Amino acid sequence: MTELERLRYENECLRAENALLKKVKALVEEREARLREIGRKPSKN
């Protein structure tokens, strides 16, 4: 694998990881908003 191929592969993996983390963050924020609506504080976990 050439250096360029390795960097492209690494870039693709990092983009996938970033997309996953964004989805997780959105889910956590959505859960916290729902909990606020019903008057509960979100957990610190």
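For the structure itself, look to the data block above.
Residues numbered from 1 in each chain as written. Predicted model: local features only at pLDDT ≥ 70, side-chain atom pairs only at ≥ 80, totals over all residues. Heavy atoms only, no water.

This part takes up the overall build of the protein. When you go through the protein residue by residue, the secondary structure sums to one helix and zero strands. A total of 45 residues make up the protein; the buried ones form 2% of that total. In the structure as shown, the protein presents an accessible area of about 4600 Å², 55% of it carried by carbon and sulfur atoms. (Helix = DSSP H or I, 4+ residues; strand = E, 2+ residues; numbered from the N terminus. Buried < 20%, exposed > 50% of the residue type's maximum accessible area, 1.4 Å probe, protein only. Areas by Shrake-Rupley, 256 points an atom, 1.4 Å probe, with all protein chains shown as cover.)

Applying the stated criterion across every chain, the model contains four salt bridges. One salt bridge in this structure joins Arg6 and Glu3, with 3.0 Å as the shortest N-O distance. Note that Arg6 and Glu3 are positioned in helix H1 (residues 3–37) at a spacing of three residues, about one turn of the helix. Residue class for Glu3 comes out partly exposed when judged on its relative accessible area of 48%. A salt bridge links Glu29 to Lys25, with the nearest nitrogen and oxygen atoms 3.8 Å apart. With Glu29 and Lys25 both in helix H1 and four residues apart, this pair spans about one turn of that helix. Residue classification places Glu29 among the partly exposed positions, given a relative accessible area of 42%. (Salt bridge = Lys/Arg side-chain N within 4 Å of Asp/Glu carboxyl O.)

A few words on H1. Helix length check: H1, at 35 residues, gives a terminal C-alpha distance of 51 Å against a target of 51 Å (1.5 Å per residue), a fit within 8%. Two residues or fewer past H1, Gly39 is found with a positive phi of approximately 80 degrees. (Expected span 1.5 Å × (residues − 1).)

The grouping of Leu20, Val24 and Val28 at the surface amounts to a nonpolar patch, some 250 Å² of accessible area in total. Checked against the element boundaries, Val24 lands in helix H1. A relative accessible area of 42% places Val24 in the partly exposed class. (Patch = residues over 30% accessible without salt bridge, like charges linked within 9 Å, V, L, I, M, F, W, Y side chains within 5 Å.)

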